[in-house]
Amino acid sequence: MPYRRIADIDFAALTRGPFHPSPADWADEVLYFLLVDRFSDGAERGYRDSDGTTVMTGATPPLRATDHGNAVRTREDAARWRDAGVGWAGGTLKGLRSKLGYLRRLGVSAIWVSPVLKQVAGQPSYHGYAIQDFLNIDPHFGTPEDLRALVADAHAQGLRVILDVVLNHAGDVFGYEGDAQPVWTGQRFPVRGFRDGDGRPVLPIGPIPHHYPDGGVWPAELQSTATFTGKGRIVDWDRFPEYLEGDFEGLKDIALGSGPADDYQPSAALLALVRAYQYWIAYADLDGFRVDTVKHMDPGAARYFASAIHEFAQSIGKERFYLIAEITGDRAFAYNTLDAVGMDAALGLADVQDRLERVVKGGADPAEYFALFRNSLQVGRDTHAWFRDKVVTSYDDHDQVRKGAWKARFAADGSGGRLALVALALNAATLGIPCIYYGSEQEFDGQGGHDRYIREAMFGGEFGPFRSRGGHAFDEEHEIYRQLKQLLAVRRRLPALRRGRQYLRPVSADGVVFTPPAPRGVLPWSRIFADHEVLIAVNTDPDRGRTVWVTVDNDLHAEGALLTCRYSSDPAFAGGRVSVSARNGKAVQLTVPPAGIVIYE
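All residue numbers here refer to positions counted from 1 along the written sequence of the relevant chain. Under the rules for a predicted model, residues below a pLDDT of 70 receive no local features and side-chain atom pairs below 80 are neither given nor counted, while totals for whole chains, interfaces and linings still include all residues. Excluding hydrogens and water, the side-chain values take into account all heavy atoms of the structure.

Glancing now at the overall build of the protein chain. Secondary structure elements are defined from DSSP: runs of H or I of at least 4 residues count as helices, runs of E of at least 2 residues count as strands, and each element is numbered from the N terminus. Each helix and strand in the protein chain was counted, giving 16 helices and 27 strands. Computed over C-alpha atoms, the radius of gyration of the protein chain comes to 25 Å, within 12% of the 25 Å expected from 2.2 N^0.38 for 601 residues, which places it in the range of a compact globule. With the principal axes as the frame, the protein chain shows a C-alpha extent of 80 × 55 × 45 Å. Throughout, a contact is declared for two residues whenever any of their heavy atoms are within 4.5 Å. Residue pairs at least 24 apart in sequence account for 70% of intrachain contacts in the protein chain once pairs closer than 6 positions are excluded. Surface summary for the protein chain: the accessible area is close to 22,200 Å², and the carbon and sulfur share equals 50%. Two things to know: the radius of gyration comes from C-alpha atoms, and the globule rule equals 2.2 Å times the number of residues to the power 0.38. In short, Shrake-Rupley with a 1.4 Å probe defines the accessible areas, and a residue's cover is counted only from the protein chains shown.

So, in structure tokens, the structure goes:
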């Protein structure tokens, strides 16, 4: 039975180990982010299990191209499909466990799992960010034993597991007087009571031992008025201290402590949450946390959490337990915050995602994206190598805050679908730790303009991808999956693609006049590690192949030396060689297929 109090946990017994070690360098990893509710329910057939055997016992067949749109053929059907995207779809931890082979064969090495702790009863918080019990797993997802079995299986297959965690807020566990959602003014509002299992705010604020599991908030150490700031909901998401103290609509802000970062005084609530998350590290043998809403926490609270988690993890042999901070806002703010709180990496939100997408679609100068990883006076660093494993890069995700009200996946428009592999290649082969959002390898489009549409159920069900119903998308023969699998295999073999310095390379049509790459056409860059150069080039023109001269490092190559193609999205180029010429220092002539990729060394 799950614990009800932190005080009841026997940490001495829990931490006897052995535990799975951390990676040598997180820069070597490839992350895959999924929403558990939307990934797999374990009822599919026609997919390959961990051993590569095709499973034919499930009820849900593979999705066919002719199934696209089958859920929206009538007005009534379309309404049913849209409504299914609002609540629980049915994905589970056991379902995810059954797809570890799919992820391993793709080339993923670490799975970022959405929050799975128990949610407020009766609310459709399938995303997991409305926690009511920090010591239990939500029954929609499974049991604590299911989480532990998932991680053990993942480790056996060479995969690590990063759990998404929340400590800035709990779910809607209490109601204000009048059961309203007052707007933040800086003052505390009267609280009516904890919510019972039916959502009514009728329970006293204080110990409620007889209302487990669905009433109030758990563990019991959180059952106090002092646990919450109680100042109403945020309206201005950038105004200090509103964005630190306010509620996220119905999600209730937790008072984590007070004081400057160097002399922070943690609250009893923060101490309890730290201990709860230490419990999950040891119980499930986790490898890292993605920490939600770090921007909305006191820097001192985030630093205290980071220090306590790192020290605990190191004490059981996890020397590089990874903490990835979600910090919305511009890059300078993100890195200043990251420095202040002592976490290991920031999610590459906002300008990183936006510039990557616009560069691939030909809407921005490639230098805009590559400049993100160069020397930056804004963040006070004098070497771009600092960004190597300090940012997790992606372009699709489950929120897409950067897009405002209208949201869709990269592949939603015509060019996006044709350039999906180019986006994945740019993400995988440039600086930063790459992260694939589930379904991008199947070219999910997420059309619709709202959060729900970028959170399709990969297993089909009532809210399947491409406006479908009843077909799963675990297709290892999909062209994007197959090409990405090959590309990630090359990344594993070549250290320069994981750890090397990065240089955007000039191009030339005639081999005489070299200029920076244009917004549409061949975009080449080099990764150099220990005097070894790997040259990558993508073609952002989806309609025609391009042949250009590309500059390479002048000192690392002799005239007449040969570079070999280690990967090409067009198999005709694979294994081919190009000769180094004395042009613009040194250069090679490359041909890149339309919407294609080549990698030479």
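Another point: the sheet that holds strand β16 (residues 345-347). A pair of strands is considered paired only if DSSP assigns at least 2 bridges between the two. Taken together, 8 strands build a closed barrel; the order of strands is β1-β4-β7-β14-β15-β16-β17-β18 and the barrel is parallel. Taken over all neighbouring pairs, the strand axes of this sheet differ in orientation by 30° on average, direction set aside. As defined by bridge partners, strand β1 (residues 31-34) adjoins strand β18 (residues 433-437) across 3 bridges and the pair is classed as parallel. Residue Phe33 lies in a different strand from β18, and its bridge partner there is Tyr437. A fitted line through C-alpha atoms represents every axis, and for helices the fit uses only the stretch in contact; the resulting angles, taken between N-to-C directions, go from 0 to 180 degrees.

Take unusual backbone geometry next. A cis amide bond links Tyr212 to the next residue, Pro213, at an omega of 10°. Note on placement: Pro213 falls in the loop between β10 (191-194) and α7 (242-245). A cis geometry characterises the amide bond from Trp218 onward to Pro219, with omega recorded as 10°. With respect to the helices and strands, Pro219 occurs in the loop between β10 and α7.

Residue placement: Asp247 occurs in the loop between α7 and β11 (252-253). Although Asp247 lies buried, it forms no salt bridge, and the closest oppositely charged side chain, Lys252, sits 5.1 Å away as judged by the N-O distance. Apart from residues no more than four positions distant in its own chain, Asp247 is found in contact with Tyr176, Thr229, Gly232, Arg233, Ile234, Lys252 and Asp253. Partly exposed residues are those whose accessible area sits between 20% and 50% of the maximum for their type, while under 20% is buried and over 50% is exposed, using a 1.4 Å probe and protein chains only. In this tally Asp and Glu are treated as negative and Lys and Arg as positive; neither His nor the chain ends contributes. Just to be clear on terms, a salt bridge is a Lys or Arg side-chain nitrogen sitting within 4 Å of an Asp or Glu carboxyl oxygen.

Further remarks concern the packing of aromatic side chains. Any Phe, Tyr or Trp ring, taking Trp's six-membered ring, that has another such ring centre within 6.5 Å forms a pair; planes under 30 degrees apart are called stacked, those over 60 apart edge-to-face, and the others tilted. What the rule picks out here adds up to 33 aromatic pairs. Between Tyr102 and Tyr481 the ring centres are 5.0 Å apart and the planes differ by 40°, which places this aromatic pair in the tilted class. Within this pair, whereas Tyr102 is found in helix α5 (residues 100-106), its partner Tyr481 is found in helix α15 (residues 479-493), the two being separated by 379 residues in sequence. The two residues Tyr102 and Tyr481 agree in class, both being buried. Between the aromatic rings of Phe134 and Tyr277, the centroid separation amounts to 6.3 Å while the plane-to-plane angle is 90°, which identifies the pairing as edge-to-face.

Side chains Ile597 and Ile599 project from strand β27 (residues 597-600) onto one buried face, and the interleaved Val598 and Tyr600 project onto a second face that is buried too. Pairing geometry for strand β22 (residues 532-539) and β27, over 4 bridges, is antiparallel. Bridge pairing in β27 links Ala537 to Val598. With 3 bridges joining them, strand β24 (residues 562-568) and β27 adopt antiparallel strand pairing. Bridged to Tyr567 within β27 is Ile599.

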